[in-house]
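# Observations on the three-dimensional arrangement
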Amino acid sequence: MTRAVVLGGGLAGVLAATVLAGHADEVVLVEGDRYPSGPRPRRGLPQSHHSHVLVAGGARALDALLPGTVDALLADGAHLRDLPGDALIYSADGWFRRLHTGAHLISCTRGLLDQVVRRRALGGGDVEVWEDTRALGLTGDEVRVTGVSVSRQGSPPETVRADLVVDATGRRSQSPRWLAEIGAADIEEVSVATGLAYATRLYRAPVDLAATIPAIMLHPGTEKGRPARGATLFPVEDGRWIVTLTGTRGGEPPTDEQGYAAFARSLRHPIVADLMAEATPLGVVRPYRDTVNRRRFFERARLPAGFAVVGDAAVAVNPIHSHGMSVAALGALRLREELARHGMGPSLFAGLQSALAEEAERSWRMAVEQDTQRAGQQAGRRAGDRVAERAGQQAGDRVVERAGQQAGDRVVERAGRDGTPRREPNAFEREIRTRLAQAKLSSPRLAAEFFGVQTLISAGTATDRSEIARVLTGRPEPLLTDEEAIGQYPALAAWRRTRLAAATG
């Protein structure tokens, strides 16, 4: 009788347990806290109160694992927004034209998403869930993990035998220490600072705008000598909006009432601040500072058989990039593929961790590239040193160059940040690839950025961004005026006209 034990009851853990239930006789899911009874934040998730979106590739992966989940989310109030067709985006180079691409995001609170997934994944009883249970360490040796030591509801430690132990405990994972305790090799770890902080608040939206508003993204500005600052506003279930303000060192968003509103008002465009002023705040402003990109290279170590690490426990990128949930779903799909190929036998373990790492590789490269560039450019602006500012761009370029050497056109073929599962490109994608090639740009990076969540954020040089915008829109810069950009969304434009008229009348 085979048994798999999954440590961590978040999204990555639940999806891994769902996959394992099809291959092991018994699956135990160990959750350190207790699940909330409704669509509320889970205590064990550090950023549970903040913005979470599921991008197109992650949504497809989730539906492949649990068919009908996306429809269930939408039925429970989640919002689907095309990118950039249903998103008002203000990049460093200007406003984006409304363009329906087939790329999209699903926006809802993390509490709702987790509840819907748990209901569909765990409701059938194929997975035994142990809530309020602490994982204390692994059992076995450097050759084979044989189980895990746990404490259930504060009781004395007990050992649970397992043919496979999966660590899905997130950023706070203790796996490197646990492995060292049983004599396994040290785990190489790399951290890349972002210099970014953010703060989030929920709002009750005005009735006439609650459901019709586009996703709004004000990308961080690049004013010389000033910290980069930006904002996002996404509609979520129950007639609410979730607003996140972001800032680099020296420009962190405040958490007091007046400071939060003033920060939003100081951004390059007042649209988010104006909408906040019309909405009703719900609860306090919640800060988040742990945005460091962290990677533990478990795949480079000689791991004991019977052990694997998934999700943020292995690769955790800056949450602002909105990768985590999609990478978790894609990792679970890859786990399913490996189990279908090898079963629960010894041949599974030789390449399992490398296969899981491959699914997170693109997310890691994209996040590190962008955050390295941002940090270097910010340092240059603070120092008033153009050489230092260019160094950030060059460091990011080196990351891209190495990624290109390793992966070649696979970055384009698998749609980069979108995390699209293996599929043939659609007609729109083929057209863009052709035009990118004709423009002789660094196509893997730019195409990967384009097919992701935040179209063309800081991709390439300013010349590259300007050229790709021209290619995509057929128009020279500037892309759109403020009035033209907002005018693409009739309900938003009508509200803004009414508000401006009231202010001047």
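Since this is a predicted model, take the numbers as computed values, not measurements. (Residues numbered from 1 in each chain as written. Predicted model: local features only at pLDDT ≥ 70, side-chain atom pairs only at ≥ 80, totals over all residues. Heavy atoms only, no water.)

### Observations regarding empty space enclosed by the protein
- Enumeration according to the criterion identifies eleven cavities of 30 Å³ or more in this entry.
- The space that makes up the largest cavity amounts to roughly 180 Å³.
- Looking at the lining of the largest cavity, the elements with two or more residues in it are helix H1 (11-20), strand E19 (293-296), helix H8 (324-342) and helix H9 (347-383).
- Grouping the amino acids of the lining of the largest cavity by side-chain chemistry returns 13 nonpolar, three polar and four charged. (1 Å grid on protein atoms, 1.4 Å probe; cavity = no way out; pocket = protein on both sides within 12 Å on 5 of 7 lines; lining within 4 Å. Points joined across faces, edges and corners; volume = space filled by probe spheres on them. Helix = DSSP H or I, 4+ residues; strand = E, 2+ residues; numbered from the N terminus. Nonpolar A, V, L, I, M, F, W, Y, C, P; charged D, E, K, R; others polar.)

### Quick word on unusual backbone geometry
- Phi is positive for aspartate 132, which is not a glycine, with a value near 50 degrees.
- On the secondary structure map, aspartate 132 appears in the loop between strand E8 (128-130) and strand E9 (133-140).
- Even without being a glycine, glutamine 153 presents a positive backbone phi close to 50 degrees.
- In this fold, glutamine 153 is placed in the loop between strand E10 (145-152) and strand E11 (158-161).
- Glutamine 153 gets classed as exposed once you look at its relative accessible area, which sits at 56%. (Buried < 20%, exposed > 50% of the residue type's maximum accessible area, 1.4 Å probe, protein only.)

### Side note on the nonpolar core
- Leu15, Leu20, Leu29, Leu65, Leu113, Val117 and Leu335 are the most contacted members of the largest nonpolar core, which has 51 residues in total.
- Residues contacting leucine 335, with those up to four places away along its chain left out, are Ala16, Val19, Leu20, Leu352 and Leu356.
- Of all hydrophobic cores here, the second largest spans 34 residues; its members include Leu88, Leu209, Leu267 and Ala279. (Core = buried A, V, L, I, M, F, W, Y, C linked by side-chain atoms within 4.5 Å. Contact = heavy atoms within 4.5 Å.)

### Comments concerning the environment of aspartate 86
- Structurally, aspartate 86 can be placed in the loop between strand E4 (79-82) and strand E5 (87-91).
- Residues in contact with aspartate 86, not counting those within four places in the same chain, are Arg81, Arg98, His100, Pro214, Ala215 and Tyr489.
- A polar contact is formed between the side chain of aspartate 86 and the side chain of arginine 98, at a distance of 3.1 Å. (Polar contact = N/O pair within 3.5 Å; in protein donor to acceptor, adjacent residues only side chain to side chain.)

### A look at the confidence of the model for the chain
- In the predicted model, the chain carries a mean pLDDT of 81, and the fraction of residues at 70 or more is 77%.
- Segment residues 380-429 is flagged for pLDDT under 50; beyond a separation of four residues in sequence, or across chains, it makes 102 contacts in the model.
- Note on residues 471-476: pLDDT is under 50 here. Beyond four places in sequence and across chains, it has twelve contacts. (pLDDT = per-residue confidence, 0-100.)

### Some points on the packing of aromatic side chains
- In the structure shown here, the tally under the stated rule is two aromatic pairs.
- Centroid distance tyrosine 90 to tryptophan 95: 4.2 Å. Interplanar angle 10 degrees. Geometry classified as stacked.
- You can call tyrosine 90 buried: its relative accessible area is 16%.
- Given a relative accessible area of 1%, tryptophan 95 falls into the buried group.
- Measuring from ring centre to ring centre gives 5.4 Å for tyrosine 198 and tyrosine 288, while their planes differ by 35 degrees; the resulting arrangement is tilted. Taken together, the residues tyrosine 198 in strand E14 (residues 196-204) and tyrosine 288 in strand E18 (residues 280-288) connect sequence positions 90 residues apart. Each member of the pair, tyrosine 198 together with tyrosine 288, is buried. (Phe/Tyr/Trp six-rings, centres within 6.5 Å; stacked < 30°, edge-to-face > 60°.)

### Observations concerning the pattern of salt bridges
- On inspection of all chains with the given rule, the structure shows 26 salt bridges.
- Across the pair arginine 296 and glutamate 189 runs a salt bridge whose closest N-O atoms are separated by 3.3 Å. Linking arginine 296 in strand E19 with glutamate 189 in strand E13 (residues 189-192), this pair joins segments that are 107 residues apart in sequence.
- Residue class for arginine 296 comes out buried when judged on its relative accessible area of 13%.
- Of the residues examined, glutamate 189 reaches a relative accessible area of 41% and is grouped as partly exposed.
- Each of Arg334, Glu337, Glu338, Arg341, Glu358, Glu359 and Arg362 takes part in salt bridges that share partners, so that together they form one network. (Salt bridge = Lys/Arg side-chain N within 4 Å of Asp/Glu carboxyl O.)

### A word on the sheet that holds E8
- With respect to topology, five strands assemble into an open sheet ordered E8-E2-E1-E12-E20, the strand pairing being parallel. Strands at the two margins of the open sheet, each flanked by one partner only, are E8 and strand E20 (307-309). Here the strands of the sheet are splayed against their neighbours by 20 degrees on average, with no regard to which way each runs.
- In terms of strand pairing, strand E1 (residues 3-7) meets strand E12 (residues 164-167) through four bridges, oriented parallel. Residue pairing for E12: valine 5 is matched across the bridge by valine 165.
- Set on the sheet, H1 makes contact with E1, strand E2 (26-30) and E12; between it and E2 the angle comes to about 175 degrees. (Pairing = 2+ DSSP bridges. Axes fitted to C-alpha atoms, helices over the stretch in contact; angles between N-to-C directions.)

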